[in-house]
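# Structural features, examined
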Amino acid sequence: MNSIADKEIIIEDNKLIPEIFGIHDTHLKLIEKKFNVRLTTRENVIRIKGEAPAVEQVDRLISQLQELYNGKTPILNGDLKFAIRLAADDPGVDLKAIFSERITVSQEKGFVTPKGRTQREFIHAARQCDIVLGIGPAGTGKTYLAVALAVEGLLKHQFKKIVLVRPAVEAGEKLGFLPGDIAEKINPYLMPLYDALNDLLPVNQVWKMIEDGIIEIAPLAYMRGRTLNDAFIILDEAQNSTREQMKMFLTRLGFRSKMVVTGDITQVDLSNPGDSGLIHAKGLLQGIEGIHFSFFTQKDVIRHDLVKKIIQAYETGGSQR
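Because the structure is predicted, anything quoted here is derived from the model rather than measured.

## Structural notes on the packing of helix α3 (residues 52-70) against helix α4 (residues 80-89)
Where α3 contacts α4, the axes come no closer than 10 Å and their chain directions differ by 140°. The angle between α3 and α4 falls in the class oblique. Regarding α3 and α4, the two cross each other, and that crossing is right-handed. Along the contact surface, α3 presents Q57, L61, L65 and Y69, while α4 presents L80, A83, I84, A87 and A88.

Now the structure itself:
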């Protein structure tokens, strides 16, 4: 059994205490719950009481948060709860290394910060490599980060357009039986991409860019025969592409362009899951210079806590069917 420790930390700038602990001490309560410690504050002094290892973890967490704020890299946009979770899950985590890899989007929306080591690695890789494949379960932020990186690149004039692609109708792309014109047929399958764009840019700006052809959202079949230069190209739900479609898509890469492919190889909707282009690419393309794979797990889920539990339940119970 660990010994009980009692430690005091002096906060140099006492304005940071409400920043760190949140409105109505919501973050303070979260720290207490995650680390099983007791926190009390008096002016610019924080007192931590609990088992010695947990006290040291909280000490390190608060010190890192101070360093981030003093270094003009404050954790904003509700990300502090993720910092607390990271510190609880990994005592050796370097919060500065993770949260400094931020993505700058529109002035109105500010920036997007990674929520963990894998997200940071994914962002860093996408900035360094021409092709990045992010593989992992739902809720890990793969698509959102990819769209954020595309928006950043566009606003910084690194690219002239964004091309967002998805296999339509469970990869079969047999759209004829659906009612409406082509836009009405494919829009339901592309809504997650619209959602990400609208969260990163003002809605009127998104639609103006779509009208001007600066942002293109299309089903995978429409990529055939094209060469995309000066573009940031994203293939989402790539597990539902066939091997032939994946090869076709990856060979659309033109000069001064970048590709990001995202998908969950446990959620293949093809009649023959073994034909998944993403699964095939995972085995075929690893080790090629300029192509990077980022692998997300259930630990990287950043949605509601129940999402992580649901994913875990299906992973552990799937073999019982």
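After presenting the structure, the write-up continues.
## Quick look at the packing of aromatic side chains
Within the structure shown, the criterion is met by four aromatic pairs. Taking the centre distance of 5.5 Å and the plane angle of 90° together, the rings of F159 and F232 count as edge-to-face. Of this pair, F159 sits in the loop between α7 (142-155) and β7 (161-166) while F232 sits in strand β9 (residues 231-235), and the two are 73 residues apart along the sequence. As far as the burial class goes, F159 and F232 line up, both buried. Consider the rings of Y194 and W207, whose centres lie 5.4 Å apart with planes at 20°: the pair is stacked. In this pair, Y194 is assigned in helix α8 (residues 182-200) and W207 in helix α9 (residues 203-211), connecting sequence segments 13 residues apart. Accessibility expressed as a relative area gives 8% for Y194, which makes it buried. Here R102 stacks its cationic end above the ring of F111, 3.8 Å away from the centre of that ring.

## What to know about the sheet that holds strand β3 (residues 45-51)
Strand order across the open sheet formed by three strands is β1-β3-β2, with antiparallel pairing between neighbours. One side of each edge strand has no neighbouring strand; the edge strands of this open sheet are β1 (4-10) and β2 (38-42). Between one strand and the next, the sheet's axes are offset by a mean angle of 15°, whatever the strand orientation. In this structure, β1 lies alongside β3, joined through seven bridges in antiparallel fashion.

## Let's talk about the layout of surface pockets
Of the voids in this model, the largest pocket is the one considered here, and its volume is about 820 Å³. Taken together, 37 residues form the lining of the largest pocket, with G141, K142, T143, Y144 and R303 sitting closest to its centre. Every element with two or more residues in the lining of the largest pocket is listed here: α4, β5 (111-112), α7, α8 and β10 (258-263). A class-by-class count of the residues in the lining of the largest pocket yields 12 nonpolar, 13 polar and 12 charged. Estimated volume of the second largest pocket: approximately 400 Å³. Lining the second largest pocket are 15 residues, with K34, R85, R303, D305 and K308 sitting closest to its centre. Elements supplying a minimum of two residues to the lining of the second largest pocket: α2 (26-35), α4 and α12 (305-317). A breakdown of the residues in the lining of the second largest pocket according to their chemical character gives three nonpolar, three polar and nine charged.

## Some remarks on the nonpolar core
In terms of nonpolar packing, the biggest core is built from 35 residues, with I103, V147, V151, L164, L197, I217 and I234 touching the most fellow members. Residue assignment for this core shows that the elements contributing at least two residues are α6 (117-128), α7, β7, α8, α9, β8 (215-219) and β9. The element best represented in this core is α7, accounting for eight residues. In contact with I234, other than residues within four places in its own chain, are A146, V147, A150, V163, L164, V165, F249 and V260. If you look at the next biggest cluster of nonpolar residues, it comprises 31 residues, including I9, L16, L68 and A83.

About the cut-offs
- Residues numbered from 1 in each chain as written.
- Predicted model: local features only at pLDDT ≥ 70, side-chain atom pairs only at ≥ 80, totals over all residues.
- Heavy atoms only, no water.
- Axes fitted to C-alpha atoms, helices over the stretch in contact; angles between N-to-C directions.
- Helix = DSSP H or I, 4+ residues; strand = E, 2+ residues; numbered from the N terminus.
- Parallel < 35°, antiparallel > 145°, perpendicular 65-115°, else oblique.
- Left-handed = near helix turned anticlockwise from the far one by under 90°.
- Contact = heavy atoms within 4.5 Å.
- Phe/Tyr/Trp six-rings, centres within 6.5 Å; stacked < 30°, edge-to-face > 60°.
- Buried < 20%, exposed > 50% of the residue type's maximum accessible area, 1.4 Å probe, protein only.
- Lys NZ or Arg CZ within 6 Å of the ring centre and 35° of its normal.
- Pairing = 2+ DSSP bridges.
- 1 Å grid on protein atoms, 1.4 Å probe; cavity = no way out; pocket = protein on both sides within 12 Å on 5 of 7 lines; lining within 4 Å.
- Points joined across faces, edges and corners; volume = space filled by probe spheres on them.
- Nonpolar A, V, L, I, M, F, W, Y, C, P; charged D, E, K, R; others polar.
- Core = buried A, V, L, I, M, F, W, Y, C linked by side-chain atoms within 4.5 Å.

Note that every value here comes from positions in space, so none of it alone points to a role or purpose.
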